[in-house]
Amino acid sequence: MDRLQSLEVFIAVAEAESFAGGARAMGLSAPSATRGVNALEDRLGARLFTRTTRRVRLTDVGRTYLEDARHILAQLRAADETAVGAAVNPVGQLRLTCSTEFGRIYVTPIITEFLDTHPEMTAEVLMVDRIVDMVEEGFDVAVRIGPLPSSGLSAVRVGQVRRMVCGAPEYFEKHGVPRTPTDLKRHQVILNTPSGLATEWRFGHDLDQVVRFKPRLTLSSVAASIAVAQRGWGLVRVLSYQVGPDLVEGRLQSVLDTYEPEPLPIHLVHVEGRRAPAKIRSFVDFAKTRLKEVSVLR
């Protein structure tokens, strides 16, 4: 008999004031109940009952222990109920990570709508332009753009993004539209890279068409480079999701579409697979539906 069952038998015997009555309540034989209580007393080194031929009574130690045992079992039942509830209903905190611009444009509207739908949920979103170790840093869900490495995580594909060259309509009116990648050498180009070192763009499905630049302007911020392009100063290369609203509203136009590399997949990556808590499963299903509705991510 394990320790938990011994506690349950002890409580049953104490409430029935009888080993036979406690055994019946537990669905055990009287000898089994007696052995369980004896083992518990031996482990504690204390007598919990005084025994007579007719009944058993709690000792002073037994009365105190009974109160504590009931409290322990009540806490355990509450923990079980919480775990079962979390497995069935979306409750608790959801920790999510994504890239900065994708989070700003797409994730924040989705997460706020999700929280409005599930009032018992809270969320923490880390928007950072690096690959976060979900297990090490304790995240439930990540939005990943690009090919996924092998891992023990689960992933759901929700769309794709293109690598595109964009400019403002005013820029094209003044400087013309490039027809091939090599035409870019005659255009004003804005490079955006965190390191500031990349000076080439690759085109084609195999990335075998390379155009190298001596840029006049290199920015470490994607958002800043897009803002400069919106003002008509030059051409910028970005991921389609980063300029989705700009394309829809006409602030930017894409060029050289037929020379674009293969699209990059977007996945919702999450932990625990099919055994994931309801908060993860519910959010993944919710976000998958919303992201698949976004035309620029198709």
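These numbers come from a predicted model, not from an experiment. (Residues numbered from 1 in each chain as written. Predicted model: local features only at pLDDT ≥ 70, side-chain atom pairs only at ≥ 80, totals over all residues. Heavy atoms only, no water.)

1. With respect to the pattern of salt bridges
To keep things clear, this is the line we draw: The working definition used for a salt bridge is a side-chain nitrogen of Lys or Arg within 4 Å of a carboxyl oxygen of Asp or Glu. A run of H or I in DSSP counts as a helix once it spans at least four residues, and a run of E counts as a strand once it spans at least two, with each numbered from the N terminus.
Summed over the entire model, instances satisfying the criterion amount to 16 salt bridges. The salt bridge partner of Arg-104 is Glu-101, with a shortest N-O separation of 2.8 Å. Of this pair, Arg-104 and Glu-101 both sit in helix 5 (residues 100-117), separated by three residues, roughly a single helical turn. Three or more residues joined by partner-sharing salt bridges are found here, namely Glu-41, Arg-47 and Arg-51.

2. Side note on the packing of aromatic side chains
Here is the rule: When two rings of Phe, Tyr or Trp (its six-membered ring) have centres within 6.5 Å they constitute a pair, described as stacked for plane angles under 30 degrees, edge-to-face for angles over 60, and tilted for the intermediate range. When accessible area is computed with a 1.4 Å probe and restricted to protein chains, residues below 20% of their type maximum are described as buried, those above 50% as exposed, and intermediate ones as partly exposed. By definition here, charges over rings are those cases where NZ of Lys or CZ of Arg is within 6 Å of the ring centre and within 35 degrees of the ring normal.
Under the criterion given, the structure shown has nine aromatic pairs. Here the aromatic rings of Phe-19 and Phe-49 are separated by 6.0 Å at their centres, their planes lie at 65 degrees, and the arrangement is edge-to-face. A residue pair is termed long-range when its members are at least 10 positions apart, and Phe-19 in helix 2 (residues 19-26) and Phe-49 in strand 1 (residues 49-51) qualify at 30 residues. Ring geometry for Phe-114 and Phe-283: centres 5.2 Å apart, planes at 85 degrees, overall edge-to-face. Within this pair, whereas Phe-114 is found in helix 5, its partner Phe-283 is found in helix 10 (residues 278-292), the two being separated by 169 residues in sequence. No difference in accessibility class separates Phe-114 from Phe-283, as the two residues are buried. Among the aromatic residues, those joined into a ring-pair cluster are Phe-10, Phe-19, Phe-49 and Tyr-65. Residue placement shows Arg-95 over the ring face of Phe-139; its charged tip is 4.1 Å from the ring centre. Note that Arg-237 overlies the ring of Phe-203, its terminal NZ or CZ placed 4.3 Å from the centroid.

3. Regarding the layout of surface pockets
A water-sized probe, rolled over the atoms, reveals where empty space remains. Put simply, the test is: Whether a set of points on the 1 Å grid over the protein atoms alone is a cavity depends on a 1.4 Å probe fitting there but being unable to get out, while an open set qualifies as a pocket with protein on both sides within 12 Å along at least five of seven lines; lining residues are those with an atom within 4 Å of a point. Grid points are joined across faces, edges and corners, and a volume is the space filled by probe spheres set on the points. Residues were grouped as follows: Ala, Val, Leu, Ile, Met, Phe, Trp, Tyr, Cys and Pro as nonpolar; Asp, Glu, Lys and Arg as charged; and all remaining residues, including Gly, as polar.
Its volume calculated, the largest pocket comes out at about 1,200 Å³. Lining the largest pocket we find 46 residues, and of these Ile-145, Leu-239, Tyr-241, Gln-242 and Leu-264 sit closest to its centre. When grouped by side-chain class, the residues that make up the lining of the largest pocket number 27 nonpolar, ten polar and nine charged.

4. Considerations on the packing of helix 1 (residues 3-16) against helix 3 (residues 30-44)
Rule in force here: Note on method: axes are straight lines fitted to C-alpha atoms, helices fitted across the in-contact stretch only, with angles between N-to-C directions ranging 0 to 180 degrees. The scheme is simple: roughly parallel for angles under 35 degrees, roughly antiparallel for over 145, roughly perpendicular for 65 to 115, oblique for anything else. Should the near helix be turned counterclockwise from the far one by less than a right angle, the crossing is left-handed, whereas a clockwise turn marks it as right-handed. We call two residues in contact when some of their heavy atoms are within 4.5 Å.
At a minimum axis separation of 9 Å, helix 1 and helix 3 run at an interaxial angle of 110 degrees. Taken together, the axis directions place helix 1 and helix 3 in an arrangement best described as roughly perpendicular. Considering the relative orientation of helix 1 and helix 3, their crossing is left-handed. Contacts from Arg-3, Ser-6, Leu-7, Val-9, Phe-10 and Val-13 in helix 1 reach Ala-33, Gly-36, Val-37, Leu-40 and Arg-43 in helix 3.

5. A closer look at the sheet that holds strand 5 (residues 141-145)
Filter applied, for reference: Whether two strands pair comes down to DSSP finding at least two bridges between them.
Sheet architecture is open: five strands sit in the order 4-3-5-14-6, paired in mixed fashion. The strands lining the two open edges of the sheet, one partner per strand, are strand 4 (121-127) and strand 6 (154-161). This sheet shows a mean twist of 20 degrees between the axes of neighbouring strands, independent of strand direction. In the sheet, strand 5 pairs with strand 14 (residues 264-270) via five bridges, with the strands oriented antiparallel. Each bridged residue has a counterpart across the sheet, and for Ile-145 the counterpart in strand 14 is Ile-266.

6. Describing unusual backbone geometry
For Leu-207, which is not glycine, the phi dihedral falls at a positive 55 degrees. Topologically, Leu-207 is positioned in the loop between strand 9 (200-203) and strand 10 (209-212). Of note, Leu-256 is a non-glycine position whose phi angle comes to about 60 degrees, a positive value. Residue Leu-256 is classed as buried on the basis of its relative accessible area of 8%.

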